[in-house]
Amino acid sequence: MEMNSQVIEEQVYNRPDSFVDVSTHYCPGCTHGTAHRLIAEVIDEMGLKGKTIGVASVGCSVFAYNYFDVDFVQAPHGRAPAMATGVKRVLPERVVFTYQGDGDLASIGTAEIVHAAARGENISVFFLNNTNYGMTGGQMAPTTLPGQKTTSSPRGRDVETQGYPVKASEMISTLDGASYVVRRSLHDPKSIRLAKKAIRTAFEVQIRGLGFSLVELLSTCSTNWGMTPVESMHWLENNMVPYFPLGDFKVHPAIAGLRF
Amino acid sequence: MAKELMKGNEAVAEAAIRAGVTAYFGYPITPQTELLEYMSRRMPELGRVFVQAESELAAINMVYGAACTGRRVMSSSSSPGVSLMMEGVSYIAGTELPVVLVDVMRGGPGLGNIAPGQGDYNQIVHGGGHGEYRAIVLAPGSVQESVDLTVLAFDLAEKYRSIVVVLSDGSIGQMMEPCELPPMQPLKTKFPDWAVTGSEGRDRRFLSSINLDPAAQERMNFRVMRRWQEIEANEVRYKEYYMEDARFVVIGFGSTGRVALSAVRAARAEGIPVGLIRPVTLNPFPTKAIAQAAQQAEVMLVVEMNNGQMLEDVMLAADGNAMVEFYGRMGGVFMLPEEVLSEICRIAAGGLSTEGHPRDRWLNRSAQKK
Amino acid sequence: MQTEIITAGFGGQGVLFTGQLLTYAAMDEGREVTWIPSYGPEMRGGTANCTVVISDEEIGSPMVSDPQAVIAMNLPSLDKYEGKVRPGGVLVVNESMVDRAVSRQDIKVVMVKANEIAEELGDKRMMNMVLLGALIANLPVIPLQAIEKALAGHLPERHHKMLPKNYEALKRGAAHLAQ
């Protein structure tokens, strides 16, 4: 049998159109890049590039606006859901999303996220949980696990004096105004595919006017965790997933039947 | 045009609506709440945006987001609520966005009380938020002026890409006076080339107050300060009363300015040659007018419902050319005309001590009274 | 020429509306006018008051300590304001709600059994109109017709069937002239 010498090239992977062609400032092994890419792919697939307005927050993702080829604003620490409310109420036909870390969303911005959800604000929130304040060098966050060492919990988070992690998605899912609240992870290909589907669902919810959506994405922080990228993925799977279980916490009946 | 009898707070709201405000975000606080309530009725009726936020912090950040779209947007609050807004105010200034903010001041510090005060002068005029920025500050003394200055606030905000604060107080917010409302302006349909609206058909835009390169940040600071020089050159506003032959000059803003007007009239009736300057723009401050008055006057009396905040600006402007005296009420106590009159009479009688700071002389006098 | 009037009484006696009506009438007459209430916790349960200043020129202070006229609808208001009326001024007292005479000799005092008169007319809420009528009859700041016009012009439509009775209340009050 003769081998066909002709090489058939099929492009299976390229930079999404909504993703700017620059190197990011994120550390090796950090899953922000993955999350950015998933969002950009969904924006491309849904043809939303010219209609989308992103709201960056404070944290490592403060420069998110450098990477998405869509209009962007950048909010004070924790206030992204309020700022997104302002944008969306004035431009209801635009697709508005926030991109927030755990310190931003689950600590300094708890009031803003809770009330944006309670109002059923028609925005999509992407919530990156990596259990520490990455940008300021790895301090304890509201999501730091019991016993986890950080630069401000050097002997490990002591729940007696430093309290317990905030399970933001579970908490927000109790609000009647929230329509779609799920937790996914970015530690392996299967999880990443599920994460992308959730991101897509969040945008679909918004363009159908079905209200507030939040996708929590468990993420790594190799640099501040002091691990290699591979070790970080394992640590996430073995430590974070048991504490922050993956799943759907709130799916409004109108969303359950969505086909896209 | 027929006049309408309106409460100061409601007049500000209706004036903003007629000036084409697209979105209002606020939080209840006395003595400002009628403004929010009025907006909650009128804005949805007109198909415009009204959101009662979960806090003043959220309200100002909703304003921040909405202002990024290039629309006319506003919020309002009273002193403690305005303190909470200061984070957003600095970010808005750092992003060079046009925003109108109304502060209906009350007695303080802290929770204080809900009576009228002017203790936010330093916070609003000389900063409040972090970093170097300037806000245009307009101080109405009546319901009509509340209307006129609210409309002007939107125009100035857009012209200079600046925050404009309408600095009112509980008495002006709560009082009713006849006023003439401006005609209803249509909502804007053209938006500036910096507005974030979705990038369809153009390159993407982003609005942010972050500038990690100090040199670039400094260039922005220079640009904004040069713009401020332009504002100082063009936008100073004040009112003068009985100044032609005045040997004594009273200076007060907002409600205190009009209380002083009653006192100045009474003093004139007694033959005392006294005039009044009522700054309408507190920032930019009418420095030149006051410097000029200091050349003409023997003594200038600053009256405020605070501990002597505008006093410092008047002293700088007077530059030693006239003696400056101060009289204040604090804590939400409304100043009455006879108090100002008795100060005018004391000054006109002469033999004043010039020792120490005018504020200390005032404190010492008030201690003696007790 | 400037006139200041303070209206004071319990919340629910129509204190603020009485002042507003005067303000509307002054506005419709083309005068400068300011109305300012006491507000806040004071409004709840306790006494309420408002100050109306009517003038021919730009009004200075919206509040005064020595008003030309006071309507005291109850005893606490009489106690608070009797000493403050400017000499030669007018003090209208709701006699139905006080248990003492006025001691000042240097002002015009008008005692009106306003509650009884209002009840005779069929609605005790019109007590404030009786007192306002008495004030206008003794203080030539605004003609009574201007108050009637203001009532018709600014009272919500649903209350318009009450207009004739309100006019009557104003007239009954206006029959009280200070000695």
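Residues numbered from 1 in each chain as written. Chains lettered and ligands numbered in written order. Predicted model: local features only at pLDDT ≥ 70, side-chain atom pairs only at ≥ 80, totals over all residues.

## Brief notes about the sheet that holds strand β15 (residues 323-328) of chain B
What links the strands of a sheet is backbone hydrogen bonding, and the strands pair in either a parallel or an antiparallel sense. All names here are of chain B. Put simply, the rule is: At least two DSSP bridges between two strands are required for those strands to pair. Numbered from the N terminus, helices here are DSSP runs of H or I no shorter than four residues, and strands are runs of E no shorter than two. Working convention: axes come from line fits to C-alpha atoms, limited for helices to the stretch in contact. Angles between N-to-C directions cover 0 to 180 degrees. It is the C-beta atoms, placed from the backbone, that decide contacts: two residues are in contact if theirs lie within 7 Å.
The strand order across the open sheet built from five strands is β10-β12-β11-β14-β15, with neighbouring strands paired in mixed fashion. The outermost strands of the open sheet, each flanked by one partner alone, are β10 (238-241) and β15. Across the sheet, the mean angle separating the axes of adjacent strands is 20° when strand polarity is ignored. Note: strand β11 (residues 248-251) against strand β14 (residues 299-304), four bridges, orientation parallel. The partner of Val-250 across the bridge, within β14, is Leu-301. Here helix α9 (residues 254-269) sits on the sheet in contact with β10, β11, β12 (274-279) and β14, set at roughly 170° to β12. On the sheet, helix α10 (residues 287-296) packs against β10, β11, β12 and β14 and is oriented at approximately 165° with respect to β12.

## What about the interface of chain B and chain A?
To keep it simple, the criterion reads: In this classification, the charged set is Asp, Glu, Lys and Arg, the nonpolar set is Ala, Val, Leu, Ile, Met, Phe, Trp, Tyr, Cys and Pro, and all remaining amino acids, among them Gly, are polar.
Of the residues lining the interface, 33 residues belong to chain B; the matching set on chain A comes to 28 residues. Only β2 (23-26), β3 (49-52), α3 (56-67), α4 (79-94) and β9 (206-207) of chain B provide two or more residues apiece to the side of chain B that touches chain A. No other element matches the seven residues that α3(B) contributes to the side of chain B that touches chain A. When the residues that make up the side of chain B that touches chain A are grouped by side-chain class, the tally is 16 nonpolar, eleven polar and six charged. Where strand β2 (residues 71-74) of chain A and β9(B) come together, two bridges link them in parallel fashion. Bridge pairing in β9(B) places Val73(A) opposite Leu207(B).

## Notes on the interface of chain B and chain C
Interfaces are often sized by the accessible area lost when the parts come together. Opposite the 20 residues of chain B that make contact, chain C presents 16 residues. Broken down by secondary-structure element, the contributors of at least two residues to the side of chain B that touches chain C are α7 (170-174), β8 (176-179), α9 and α12 (337-349) of chain B. It is α9(B) that provides the largest number of residues to the side of chain B that touches chain C, a total of five residues. Of the residues assigned to the side of chain B that touches chain C, the class counts are eleven nonpolar, four polar and five charged.

## A short note on helix α9 (residues 229-243) of chain A
Given 3.6 residues to a turn, an α-helix orients residues that are three or four positions apart in the same direction. Residues and elements named next belong to chain A. Note the following rule: Between the first and last residue of a helix there are one fewer steps than residues, each counted as 1.5 Å, and that sum is the expected span. Axes are fitted to the seven residues ending at a residue and to the seven starting at it; the angle between these axes is taken as the bend at that residue. Field definition: a residue is buried when 20 or more other C-beta atoms are found within 10 Å of its C-beta, exposed when 12 or fewer are, and partly exposed for counts in between, with C-beta atoms placed from the backbone.
In this model α9 runs 21 Å from its N-terminal to its C-terminal C-alpha over 15 residues, within 8% of the 21 Å that 1.5 Å per residue would give. Maximum bend of α9: about 30°, positioned at Leu-236. All of the buried residues in α9 are Ser-232, Met-233, Leu-236 and Met-240. Against β7 (178-185), β8 (212-218) and α8 (222-225) lie the buried residues of α9.

## Brief notes about the pairing of strand β1 (residues 52-56) of chain A
Residue and element names in this part refer to chain A. A large share of β1 lies buried, amounting to five of its five residues. On β1, burial covers both faces: Thr-52, Gly-54 and Ala-56 on one face and Ile-53 and Val-55 on the other are all buried. When β1 meets β2, the two strands line up parallel, connected through four bridges. Bridging from a neighbouring strand, Ile-53 pairs with Asp-71 of β2.

## Digging into the confidence of the model for chain C
Residue and element names in this part refer to chain C. Convention followed: The predictor rates its confidence in each residue with pLDDT, a number between 0 and 100.
With 96% of its residues at a pLDDT of 70 or more, chain C has an overall mean of 93. Low pLDDT, under 50, characterises residues 40-44; the stretch is placed with six contacts to residues that sit more than four places away or in other chains. Here the complex is predicted with pTM 0.94, and the ipTM for its interfaces comes to 0.94.

## Description of the domain arrangement of chain B
Residue and element names in this part refer to chain B. Our working rule: In this entry, domain limits derive from an automatic or database-based domain assignment.
Along its sequence, chain B is organised into domain 1 (4-187 + 205-234) and domain 2 (239-369). Each side of the interface is counted separately: domain 1 has 28 residues, and domain 2 has 21 residues. Split by residue class, the side of domain 1 that touches domain 2 holds 13 nonpolar, eleven polar and four charged.

## Brief notes about the sheet that holds strand β6 (residues 136-138) of chain B
All names here are of chain B. Spatial ordering of the open sheet is given by β3-β2-β4-β5-β7-β6-β13, a layout of seven strands whose pairing is mixed. Two strands close off the open sheet at either side, each with one partner strand: β3 and β13 (281-283). With direction set aside, neighbouring strand axes in the sheet form an average angle of 20°. Pairing of β6 with strand β7 (residues 163-169), which is carried by three bridges, proceeds in the parallel orientation. By the bridge assignment, Leu-138 is partnered in β7 with Val-166. On the sheet, helix α1 (residues 8-18) packs against β4 (73-77), β5 (99-105) and β7 and is oriented at approximately 175° with respect to β5.

## Points about the pairing of β3(B)
All names here are of chain B. So the rule is basically this: Here is how to tell: hold the view so the strands point away, follow the path from the first strand over the helix to the second, and if it runs clockwise the crossover is right-handed.
Burial along β3 is one-sided: Val-49 and Val-51 are buried, and none of Phe-50 and Gln-52, which face the opposite way, are. Bridge count for β2 against β3 is four bridges, and the pairing is parallel. Residue Tyr-24 lies in a different strand from β3, and its bridge partner there is Phe-50. Crossover connection from β2 via helix α2 (residues 33-45) to parallel β3: handedness right-handed.

## Description of helix α8 (residues 214-234) of chain B
Taking 1.5 Å of rise per residue, the 21 residues of α8(B) would be expected to cover 30 Å, and the 30 Å separating its terminal C-alpha atoms lies within 8% of that figure. Summarising burial for α8(B): zero of the 21 residues are buried, a small minority.

## Comments concerning the environment of Ser213(A)
All names here are of chain A. Here Ser-213 shows up in strand β8. Spatially, the C-alpha atom of Ser-213 lies 17 Å from that of Phe-260, the residues being 47 residues apart in sequence. If we ignore the near neighbours within four places in the chain, the residues touching Ser-213 are Ser-124, Val-125, Ser-179, Tyr-180, Ala-202, Val-205 and Gln-206.

## Some thoughts on the arrangement of the chains
A comparison of contact numbers over the two pairs of chains in contact places chains A and B at the top. No interface is formed between chain A and chain C, the nearest pair of C-alpha atoms being 28 Å apart.

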